[in-house]
Amino acid sequence: MNESRYRIVQRPRRLRRTPAVRDLVAETRLHPADLIEPMFVVEGLDAPREIASMPGVRQHTKASLQRAVHEAADAGVGAVMLFGTPAVRDPQGSQAWNPDGVLANAVRWAVEAEPGMPVIADVCLDEFTDHGHCGVLTPDGRVDNDATLPLYAKMSVVLAEAGATMLGPSGMMDGQIGVIREALDAAGHTDTILMAYSAKYASGFFGPFREAVDSQLTGDRRAYQQDPANAVEGLREIELDLAEGADIVMVKPALPYLDVLNRATRVSNVPVAAYVVSGEYAMIEFAARAGALDRQRCIMEALTGVKRAGASMIINYWATEVARWLAG
Ligand code: PBG
């Protein structure tokens, strides 16, 4: 018994005294099934390759992808998300809708490795165009919104046909969700889920992703991705995607936009996903390697924060490792 000369009735520290009590009162819990692991597949690669700006993440071959998908499934990870880098690029990004192209094949390989695992395919042209933009260009070099939409539609049908459970349109073209939904439905893919990258910001934190997909981009995407200064605009994007038929909406990046994420959960009647992007990954990895912070603790804290802000699912490059930590 502690003697005290103060009459303090309210003592919040009572609920923090032991690990067991802290567990009992925890408001937020991560679960492996909420985690989605992005994976990169590169056409023509003969061995997996480390991505220097994302230590611990690799570009995959067929064999290493299938192993990684296996491991993710074994750990209980909820889904994998695939990005493909083609061997040849052109102004249209035509490898994106090649039924035998790198991304369609990657989807098939992932489904073959783990038939029960939800497989999400990215729908965007930036990995496939020789200029690195997310859509085709007008003669004066701007990204042509409406000319890009039918290409997304073609790409989506090919990926659905390859067996993707879910598509993630990430190009930030106006009207993309509606056009893709209509094309999928017309082709009989009424069950293919659309995870809309709704509030996607023109972010410096996508930096390492450029290396991961060998991006050809010069300049930036500020004319189509959102201004980091704006939250209400993000909510408008979410409402539009919901009206166009999005099954899941997303806020991306995650940590600098937790306010947007939290507000999104209040207006959305579908699950809200958050994407902890390549640069957020790299910040923790490089800081940990420099001895500046405790890696596992900071990964768990970052992901718990995203969950606490309201995310139903979290796309992140640690998913399999974190799922193992959670299990044991
Ligand atoms: C576009 C796309 C990007 C990311 C996911 N999809 C790059 C961009 O918009 O510039 C970034 C993901 C990350 O940084 O982890 N297809």
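In this text the structure is predicted, and so the values were computed from the model without any measurement. (Residues numbered from 1 in each chain as written. Predicted model: local features only at pLDDT ≥ 70, side-chain atom pairs only at ≥ 80, totals over all residues. Heavy atoms only, no water.)

### Regarding the site of the ligand
Next up, step 1: Neighbouring the ligand are 17 residues, the closest being Asp126, Lys200, Lys252, Ser278 and Tyr317.
Next up, step 2: At a separation of 3.2 Å, a nitrogen atom of the ligand approaches a polar side-chain atom of Ser170.
Next up, step 3: The cavity that encloses the ligand is the largest cavity.
Next up, step 4: In terms of residue class, the shell around the ligand is made up of 7 nonpolar, 3 polar and 7 charged. (Near = heavy atom within 4 Å. Polar contact = N/O pair within 3.5 Å; in protein donor to acceptor, adjacent residues only side chain to side chain. 1 Å grid on protein atoms, 1.4 Å probe; cavity = no way out; pocket = protein on both sides within 12 Å on 5 of 7 lines; lining within 4 Å. Sits in = over half its atoms within 2 Å of the grid points. Nonpolar A, V, L, I, M, F, W, Y, C, P; charged D, E, K, R; others polar.)

### Observations regarding the packing of aromatic side chains
Next up, step 1: Taken as a whole and judged by the stated rule, the model has 9 aromatic pairs.
Next up, step 2: Relative to Tyr275, the ring of Tyr197 has its centre 6.2 Å away and its plane inclined at 55°; by these criteria the two rings are tilted. Linking Tyr197 in strand 7 (residues 193–200) with Tyr275 in strand 9 (residues 272–275), this pair joins segments that are 78 residues apart in sequence. Both residues of the pair, Tyr197 and Tyr275, belong to the buried class.
Next up, step 3: Seen from their ring centres, Tyr201 and Tyr257 are 4.1 Å apart, and the 10° between their planes marks the pair as stacked. With Tyr201 in the loop between strand 7 and helix 6 (207–212) and Tyr257 in the loop between strand 8 (248–252) and helix 8 (258–267), this pair connects stretches of sequence that are 56 residues apart. Grouping residues by exposure puts Tyr201 and Tyr257 together as buried. (Phe/Tyr/Trp six-rings, centres within 6.5 Å; stacked < 30°, edge-to-face > 60°. Helix = DSSP H or I, 4+ residues; strand = E, 2+ residues; numbered from the N terminus. Buried < 20%, exposed > 50% of the residue type's maximum accessible area, 1.4 Å probe, protein only.)

### Observations regarding the side chain of Thr61
Next up, step 1: Position of Thr61 among the secondary structure elements: in the loop between strand 3 (58–60) and helix 2 (62–75).
Next up, step 2: Residue classification places Thr61 among the buried positions, given a relative accessible area of 11%.
Next up, step 3: With sequence-adjacent residues up to four places away left out, Thr61 is seen in contact with Leu45, Asp46, Ala47 and Pro48. (Contact = heavy atoms within 4.5 Å.)

### Quick notes on the packing of helix 4 (residues 145–162) against helix 5 (residues 176–186)
Next up, step 1: It is at 9 Å that the axes of helix 4 and helix 5 come closest, and there the two elements cross at 45°. Comparing the axis directions of helix 4 and helix 5 gives the class oblique. At the point where helix 4 passes helix 5, the crossing takes the right-handed sense. Facing helix 4, whose interface residues are Leu149, Tyr152, Ala153, Ser156, Val157 and Ala160, helix 5 presents Gln176, Val179, Ile180, Ala183 and Leu184.
Next up, step 2: In terms of residue class, the contact of helix 4 with helix 5 is built from 9 nonpolar, 2 polar and no charged. (Axes fitted to C-alpha atoms, helices over the stretch in contact; angles between N-to-C directions. Parallel < 35°, antiparallel > 145°, perpendicular 65-115°, else oblique. Left-handed = near helix turned anticlockwise from the far one by under 90°.)

### Things to note about the layout of surface pockets
Next up, step 1: Counted as a void, the largest pocket has a volume near 400 Å³.
Next up, step 2: Within the residue set of the lining of the largest pocket, elements represented by two or more residues are strand 1 (35–42), strand 3, helix 2, helix 9 (278–289) and helix 11 (319–327).
Next up, step 3: By volume, the second largest pocket is sized at about 300 Å³.
Next up, step 4: A class-by-class count of the residues in the lining of the second largest pocket yields 5 nonpolar, 6 polar and 8 charged. (Points joined across faces, edges and corners; volume = space filled by probe spheres on them.)

### A closer look at the pattern of salt bridges
Next up, step 1: Scanning all chains against the criterion turns up 12 salt bridges.
Next up, step 2: Asp34 is paired through a salt bridge with Lys307; the nearest N and O atoms lie 2.8 Å apart. Note that Asp34 is positioned in the loop between helix 1 (19–25) and strand 1 and Lys307 in helix 10 (residues 295–308), a separation of 273 residues in sequence.
Next up, step 3: Ionic pairing is found between Asp220 and Arg222, a salt bridge with its closest N-O pair at 3.1 Å.
Next up, step 4: In this structure, a network of salt bridges that share partners links the residues Glu285, Arg289, Arg295 and Glu321. (Salt bridge = Lys/Arg side-chain N within 4 Å of Asp/Glu carboxyl O.)

### Observations concerning the nonpolar core
Next up, step 1: Counting 102 residues, the largest nonpolar core has Phe40, Met81, Leu82, Met155, Leu159, Met195 and Tyr275 as the members making the most contacts within it.
Next up, step 2: Element by element, the count of residues in this core is highest for helix 4, at 8 residues.
Next up, step 3: In contact with Leu159, other than residues within four places in its own chain, are Leu103, Ala104, Val107, Ala121, Asp122, Val123, Ala164 and Leu167. (Core = buried A, V, L, I, M, F, W, Y, C linked by side-chain atoms within 4.5 Å.)

### A word on the UniProt feature "active site" (unreviewed entry) in the protein chain
Next up, step 1: Using the residue numbers shown here, the UniProt feature "active site" (unreviewed entry) corresponds to Lys200 and Lys252. Spanning 53 residues, the annotated positions come together in the fold, the maximum distance between their C-alpha atoms being 4.9 Å. Lining the largest cavity, from the residues just named, are Lys200 and Lys252.
Next up, step 2: Secondary-structure assignment places Lys200 in strand 7.
Next up, step 3: Lys200 gets classed as buried once you look at its relative accessible area, which sits at 6%.
Next up, step 4: Sequence-distant contacts of Lys200, defined by excluding residues within four places in its chain, comprise Ser170, Met172, Phe206, Gln225, Gln226 and Lys252.
Next up, step 5: Within the structure, Lys200 has its side chain in polar contact with the backbone oxygen of Ser170 (distance 3.0 Å).
Next up, step 6: Looking at the element boundaries, Lys252 is found in strand 8.
Next up, step 7: For Lys252, the contacting residues outside a window of four places in its chain are Tyr197, Ala199, Lys200, Tyr201, Phe206, Tyr275 and Val277. (UniProt positions renumbered as here; feature names shortened; annotations may be inferred.)

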